[in-house]
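Residue-level listing of the chains:
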Amino acid sequence: MYAIYDTEIGKLKITYEQGYIIGISKVDKIQSLGIKSKISEKAYMELKEYFAGKRKTFDIPIKLIGTEFQKKVWKELLKIPYGKTVSYKDIAISIDNPKACRAIGMANHNNPILIIVPCHRVVNENGNLGGYALGLDIKRKLLEIEKKN
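Keep in mind it's a predicted model, so treat the numbers as computed, not measured.

What follows concerns the pairing of strand β3 (residues 20-26). As paired strands, strand β2 (residues 10-17) and β3 are joined by 6 bridges and run antiparallel to one another. Looking across to β3, one finds that Thr15 is bridged to Gly23. Linking β2 back to β3 in an antiparallel pair, the connection comprises 2 residues, with Gln18 at a positive phi of about 45°.

This is how it looks when you write it as structure tokens:
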């Protein structure tokens, strides 16, 4: 199930099942607004608080769906503190796979729960932003929100 919400970064699709958020993605073309639920409303409220600079951690229950490697990477991303950035190499080292920088990038690109699983906090080793599924403008905006608070 899913519900579509208007946010500061555009329309977000919040996908959920059995009391867990399983996806947050940006949508441009909408055929249906979906069905709002308690869990999607809670996720939306937490995202609004985040965009307003009032929330630094998310309490919403999530369920990571992906390969074992992807889930390992995403769980590591959840450890990155609000307002901090790490490199792809830092993540690779922290999961005991120091040569997996490109694979880390692909796992980030396939992150199904954007913002809550903070792949936007991962940058190139030289400090450049790298990529982001929602585009570099949104990545920059998310990092700016976090630096202000």
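Now, onward.
Counting residues in each nonpolar core, the largest one holds 41 residues, and the members touching the most others are Ile21, Leu47, Phe51, Leu77 and Ile115. When residues of this core are traced back to their parent elements, those giving at least two are β1 (2-7), β2, β3, α1 (38-51), α2 (68-77), α3 (88-94), α4 (101-109) and α5 (136-148). Looking at which element gives the most residues to this core, the answer is α1, with 6 residues. When residues no more than four places from it in sequence are discounted, the contact partners of Ile21 are Ile14, Thr15, Tyr16, Ile39, Ser40, Ala43, Ile60, Pro61, Ile62, Lys63 and Ile113.

So, on to the packing of α2 against α4. The geometry of α2 relative to α4 is characterised by a closest axis approach of 9 Å and an angle of 80° between their N-to-C directions. For the element pair α2 / α4, the angle class is roughly perpendicular. Along its contact with α2, which presents Phe69, Gln70, Val73, Trp74 and Leu77, the element α4 presents Ala103, Ile104, Ala107 and Asn108. The class makeup of the residues in the contact of α2 with α4 is 7 nonpolar, 2 polar and no charged.

Turning next to the sheet that holds β2. Each strand in a sheet pairs with another by means of backbone hydrogen bonds, the pair being arranged parallel or else antiparallel. One open sheet accounts for 3 strands, arranged β1-β2-β3; its pairing is antiparallel. With partners counted over all chains shown, the strands left at the sheet margins are β1 and β3, one partner each. Strand-to-strand, the axes of this sheet are offset by a mean angle of 25°, without reference to chain direction. Lying over the sheet, α1 contacts β1, β2 and β3, oriented at roughly 140° with respect to β2.

Let's shift gears to the pattern of salt bridges. Note that side chains of opposite charge can pair when their charged atoms are close. Across all of its chains, the model carries 11 salt bridges by this definition. Note that Glu49 and Arg55 form a salt bridge whose closest N and O atoms lie 2.8 Å from each other. When its relative accessible area of 29% is taken as the criterion, Glu49 is described as partly exposed. Accessibility expressed as a relative area gives 14% for Arg55, which makes it buried. One network of salt bridges, with partners in common, ties together Lys42, Glu46, Glu49, Arg55 and Asp59.

About the cut-offs
Residues numbered from 1 in each chain as written. Predicted model: local features only at pLDDT ≥ 70, side-chain atom pairs only at ≥ 80, totals over all residues. Heavy atoms only, no water. Pairing = 2+ DSSP bridges. Helix = DSSP H or I, 4+ residues; strand = E, 2+ residues; numbered from the N terminus. Core = buried A, V, L, I, M, F, W, Y, C linked by side-chain atoms within 4.5 Å. Buried < 20%, exposed > 50% of the residue type's maximum accessible area, 1.4 Å probe, protein only. Contact = heavy atoms within 4.5 Å. Axes fitted to C-alpha atoms, helices over the stretch in contact; angles between N-to-C directions. Parallel < 35°, antiparallel > 145°, perpendicular 65-115°, else oblique. Nonpolar A, V, L, I, M, F, W, Y, C, P; charged D, E, K, R; others polar. Salt bridge = Lys/Arg side-chain N within 4 Å of Asp/Glu carboxyl O.

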